[in-house]
Amino acid sequence: MKPVSSLVRTSLPMLAILGIGVMACTQSNGGGGAGSGGTTNPSGGSGGSVSGGGTLGSGGEATGSGGKATGSGGSVSRGGTPGSGGQATGSGGKATGSGGSASRGGTPGSGGQATGSGGETTGSGGRATGRGGATTGDGGQVTGTGGSRRGSGGSTADAGSGNADAAAKEDTGTPTQGDFDVEHHLSSDEDPKAPGTIGIVSWALAAGTVSQAHIEFGLDTSYGMNAPVDLELAEGRFRTLLLGMKPDHTYHFRIVAVADGATYASDDYTIQTGPPLSNSLVSVRKFNVINEAAREPGFIVASYWTGTGSSVAFIIDRDGDIVWWHNFALSGSGMTGDGGICRARMSADGKHMWMVVSSNKGGLIRSVGMDSLDEVAYQGTVASHDITPVEGATMAYLDYGEKDCNSIFEIDPKGTPREVVEASDFITGGGMCHGNALRYSQKEDMYTYSEVSSGIYVIDRKTGKLQWKLTDKVSASSWGGANHGHHLLDNSLLLFANKGGSNASAVFEYALDGKKIMSYDSGRSAQNLGDVQRLPGGNTLVSYSNSQSYIHEIDENQKLVLEIDLGAGGPSLGYVLWRPSLYGPPPDIGL
């Protein structure tokens, strides 16, 4: 492998502080015997043609082999010239080659020495030009295996390790070292405003057609994290992002790819991440793990909708470190401008971060790739409060450009919005129509829509028709008559009730017949926003906005297992979302 060095890392300058204020939604809103190399007689081991390696005493009997079941001594289909025993520098052949078949070890004088005759363990197997052995080469001892237990004539997967370009011809399940061309750098090397925690790996493999691949990465060579590879090529190379890395750390990574049925692995590379996000913009004041065994570690996508840092979407990892961020190009403050970021959400394909503002006048939808480069503003969109992934790159959002009611629109990165649900069709009876939260359920193919004072509505995505509403099952007074975040499950509905607690906010879970299953009142409150999400393991995530910017994780008995203080008394937290990783679809649309 030729050494590949990363680009020079530049440090990330301090981002400008933005003061964004006021309110969003209020409550009104072997190779041959001694002297033989092998005939084509299958009674012996390899050292000959595909079907065998020679006469008895050349290839091997059942007690030892020089290679794999299909083994040969030299090229893919042959053990080399007659009478091969294997040279240390070129015996055994390619990955499928060996000094004898797996079922034949040979009488004395076949099979190979214990240290490898179909290829020395330290470097046999050979390149494509390797020979199967000298004409006078002997086979070795009766008990010789010719290399590894798999009879490869060397290492488990290569028929002789030590060659960077030894190529396996079948997928053995163990990666073979392949000829990778790898380049890597940080997003901040391309744009100093981008995080230095995002790795960009560009690579190619000189071995057949790649059918699947991933990158293993982590703080040491045990890795622990996986980045799936998008198999679409750009100028003949694959491009993969390493997401979720901590600031100011050295990370290791290697590429694992399958090409033409064989699995290959690259060398180990290192990448040094850049500095953290400035605490003057966003900080985690306190990350208090109360019960490590009971919590569900993952990533939390968040934003502020008022105050300092309200133009920044950010991601917190399982240890409370901010590992991703993007400072969106918002303008104005409070209700007169964009406001802050009410919701930041990744698309279902995991390729983009989208956001909508908090202003009741609405604002442009914006998105950026997860490399935090090339932000896009979608002209003509008037969105506010919430946006949710649907499928692939498609997102749905609450449109604030209509006079009658805040309907549900869908949009993709091409930027053409379309109305899919007309909210005024089911929210009637006068008064205001103020949509303030939106989710999508993939199982039911339904949207759930929160209107601030009239409850939660479940709507068919295909038809745009109302299926049922929560007030058909339970009175709004049961949860205090004001609601925001919610999560539709298979047999129940979770909602954040702004007035549902004793002088505070609460979370309620109702069965689909209206029976209350559980409630959670922590004594904390959010007049605006507030969110709730059921996690895959059964815990529940609760977030509080306004001056109490806290995130709680509670177990199935409503016991607090994690509390995150995101600046209580300062900026107001927007909606949040938990994810197990930063790749693929979010879990909430599947629960």
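Residues numbered from 1 in each chain as written. Predicted model: local features only at pLDDT ≥ 70, side-chain atom pairs only at ≥ 80, totals over all residues. Heavy atoms only, no water.

Participant: Looking at this model, I keep getting lost on empty space enclosed by the protein. Mind explaining?
Facilitator: Take a probe with the size of a water molecule and roll it over the atoms, and the empty space left behind shows itself. In this structure, the largest cavity encloses a volume near 60 Å³. What lines the largest cavity is simply Phe287, Arg295, Glu296, Pro297, Gly298, Ile300, Asp317, Arg318, Glu553, Leu562 and Trp578. The residue inventory of the lining of the largest cavity, partitioned by class, reads 5 nonpolar, 1 polar and 5 charged. (1 Å grid on protein atoms, 1.4 Å probe; cavity = no way out; pocket = protein on both sides within 12 Å on 5 of 7 lines; lining within 4 Å. Points joined across faces, edges and corners; volume = space filled by probe spheres on them. Nonpolar A, V, L, I, M, F, W, Y, C, P; charged D, E, K, R; others polar.)

Participant: Looking at this model, I keep getting lost on the pattern of salt bridges. Mind explaining?
Facilitator: Any two side chains of opposite charge can pair if their charged atoms end up close together. Tallied over the entire structure, the rule returns 22 salt bridges. A salt bridge links Arg343 to Asp531; the shortest N-O distance between them is 3.2 Å. Placement of Arg343 in strand 14 (residues 341–346) and of Asp531 in strand 29 (residues 531–534) is noted, with a sequence separation of 188 residues between them. Each member of the pair Arg343 and Asp531 is classed as buried. Notably, a salt bridge pairs Arg461 with Glu410, separated by 2.8 Å at the nearest N-O pair. Remark: Glu410 occurs in strand 19 (residues 408–411) and Arg461 occurs in the loop between strand 23 (455–460) and strand 24 (466–469); sequence separation between them is 51 residues. Accessibility expressed as a relative area gives 3% for Glu410, which makes it buried. (Salt bridge = Lys/Arg side-chain N within 4 Å of Asp/Glu carboxyl O. Helix = DSSP H or I, 4+ residues; strand = E, 2+ residues; numbered from the N terminus. Buried < 20%, exposed > 50% of the residue type's maximum accessible area, 1.4 Å probe, protein only.)

Participant: Looking at this model, I keep getting lost on the nonpolar core. Mind explaining?
Facilitator: Soluble globular proteins tend to bury their nonpolar side chains together. Ranked by internal contacts, the top residues of the largest apolar core, which has 49 residues, are Trp203, Leu205, Ile215, Phe253, Ile315, Trp324 and Met353. No other element matches the 5 residues that strand 7 (residues 250–259) contributes to this core. Once residues lying within four places of it in the same chain are set aside, the contact partners of Trp324 are Thr197, Ile198, Leu243, Ala313, Phe314, Ile315, Met353, Val368, Gly369, Met370 and Ser372. The next biggest cluster of nonpolar side chains, apart from the first, holds 21 residues, and it includes Leu281, Ala302, Trp325 and Ile564. (Core = buried A, V, L, I, M, F, W, Y, C linked by side-chain atoms within 4.5 Å. Contact = heavy atoms within 4.5 Å.)

Participant: Just checking my understanding: could you explain the sheet that holds strand 32 (residues 560–565) for this structure?
Facilitator: To summarise the sheet geometry, strands pair through backbone hydrogen bonds and adopt either a parallel or an antiparallel arrangement. Ordered by their spatial adjacency, 5 strands build an open sheet running 10-32-31-30-29, and the pairing between neighbours is antiparallel. Looking at the sheet topology across the chains shown, the edges are occupied by strand 10 (286–289) and strand 29. Direction aside, neighbouring strands of the sheet carry axes that sit 10 degrees apart on average. Bridging between strand 29 and strand 30 (residues 540–544) involves 4 bridges; their strand directions are antiparallel. Across the sheet, Arg534 pairs through a bridge with Thr540, a residue of strand 30. (Pairing = 2+ DSSP bridges. Axes fitted to C-alpha atoms, helices over the stretch in contact; angles between N-to-C directions.)

Participant: Help me understand the pairing of strand 28 (residues 516–520), please; the structure alone is not making it clear to me.
Facilitator: Remark: a regular strand shows side chains that alternate across the two faces of the sheet. By the bridge criterion, 4 bridges tie strand 27 (residues 506–511) to strand 28 in an arrangement that is antiparallel. Its bridge partner lying in strand 28, Tyr510 is registered against Lys516. Between strand 27 and strand 28, which pair antiparallel one after the other, the connecting turn spans 4 residues, and Gly514 there sits at a positive phi close to 95 degrees.

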